[in-house]
Amino acid sequence: MNKRLLPLLGAIILPMLSQCNSLEKDIAAINARNMEIAQEPRGSYFVGRRYHVPSTRFWGYLRQPGQTWRTAQLVIMDESACRTPDRLPEYAGNPRYAFDNNYEYRVYGKFTGKYGYEPNTNLKLPIFKPTKFEQLNTDPGWLFKPSEKYDKKNRLPAPGHHAADFRSGPMTEGIPAKMEEADKKEEKSLIYSPPCAKNSPPSGTHARVAELVDALD
């Protein structure tokens, strides 16, 4: 065994093990939450999560009851019929505007079928016209995964695919078609497949680790 390779092997393997452990914890927590979401009563409403980022004009995320947050849409609110709960003067130091960041609501209303442009994130987002908000939870915890960290300085609203899906797409009965397609996939399986499966073939860094292990023999 070539002992000179041991420090290099350790430097590669330890971060991988740590990352794998974190991913497995995320997956377990996501699966548990998805099972809870699956029990939500169905109805003509949406579940909303306020997601505030300074200097942006989107309100947050909406999903259908019983569907996971992976299907959620980032939306701009049309407040002509009903104001959002934090609709207060927007000035520096106002302790009330966006006081409800990360609050969870039951939101009634409909998608207008129109899109609005959010210039500070360069996103084209669907417009939702609410008629009523019902507060569900003031501390629901993480949104997409337990290891995520909220950064109000980051104007990109979420993990990559959540933003990309909102740029365009047809509407069906006021609900984005992309959401319906995602919902069908979610109904088939609410369980994530761990990316750290023991039998998965080595690739990239994993392949490099395998080469180093072979070199030690």
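Each remark here, short or long, concerns the structure printed above.
Basis of the calculations
- Residues numbered from 1 in each chain as written.
- Predicted model: local features only at pLDDT ≥ 70, side-chain atom pairs only at ≥ 80, totals over all residues.
- Heavy atoms only, no water.
- Phe/Tyr/Trp six-rings, centres within 6.5 Å; stacked < 30°, edge-to-face > 60°.
- Helix = DSSP H or I, 4+ residues; strand = E, 2+ residues; numbered from the N terminus.
- Buried < 20%, exposed > 50% of the residue type's maximum accessible area, 1.4 Å probe, protein only.
- Lys NZ or Arg CZ within 6 Å of the ring centre and 35° of its normal.
- Pairing = 2+ DSSP bridges.
- Axes fitted to C-alpha atoms, helices over the stretch in contact; angles between N-to-C directions.

Student: Before we go on, may I ask you to explain the packing of aromatic side chains in this structure?
Tutor: The description of two aromatic rings rests on the distance between their centres and on the angle between their planes. Applying the stated criterion to the full structure yields 11 aromatic pairs. Pairing tyrosine 45 with tyrosine 108 gives two aromatic rings, centres 6.1 Å apart and planes at 50°, and the pair type is tilted. Of this pair, tyrosine 45 sits in the loop between α1 (6-37) and β1 (46-50) while tyrosine 108 sits in strand β4 (residues 104-118), and the two are 63 residues apart along the sequence. For the pair shown, tyrosine 45 and tyrosine 108 are each scored as buried. With centroids separated by 6.5 Å and ring planes inclined at 35°, the aromatic side chains of tyrosine 103 and tyrosine 105 adopt a geometry described as tilted. For the pair shown, tyrosine 103 and tyrosine 105 are each scored as buried. Following the ring pairs from residue to residue traces out a cluster consisting of Trp59, Phe99, Tyr103, Tyr105 and Phe133. The cationic tip of arginine 106 hangs over the ring face of tyrosine 45; the distance from NZ or CZ to the ring centre is 4.5 Å. Positioned above the aromatic ring of tyrosine 108, the side-chain terminus of lysine 132 is 4.8 Å from the ring centre.

Student: Explain the sheet that holds strand β2 (residues 60-63) to me, please; I cannot follow it from the model alone.
Tutor: What links the strands of a sheet is backbone hydrogen bonding, and the strands pair in either a parallel or an antiparallel sense. An order of β1-β2-β3-β5-β4 is seen for the five strands of this closed barrel, with the pairing classed as mixed. On average, each strand axis in the sheet is inclined to that of its neighbour by 50°, with strand direction left out of account. When β4 meets strand β5 (residues 123-137), the two strands line up antiparallel, connected through 12 bridges. From the neighbouring strand, glutamate 104 faces β5, where its bridge partner is asparagine 137.

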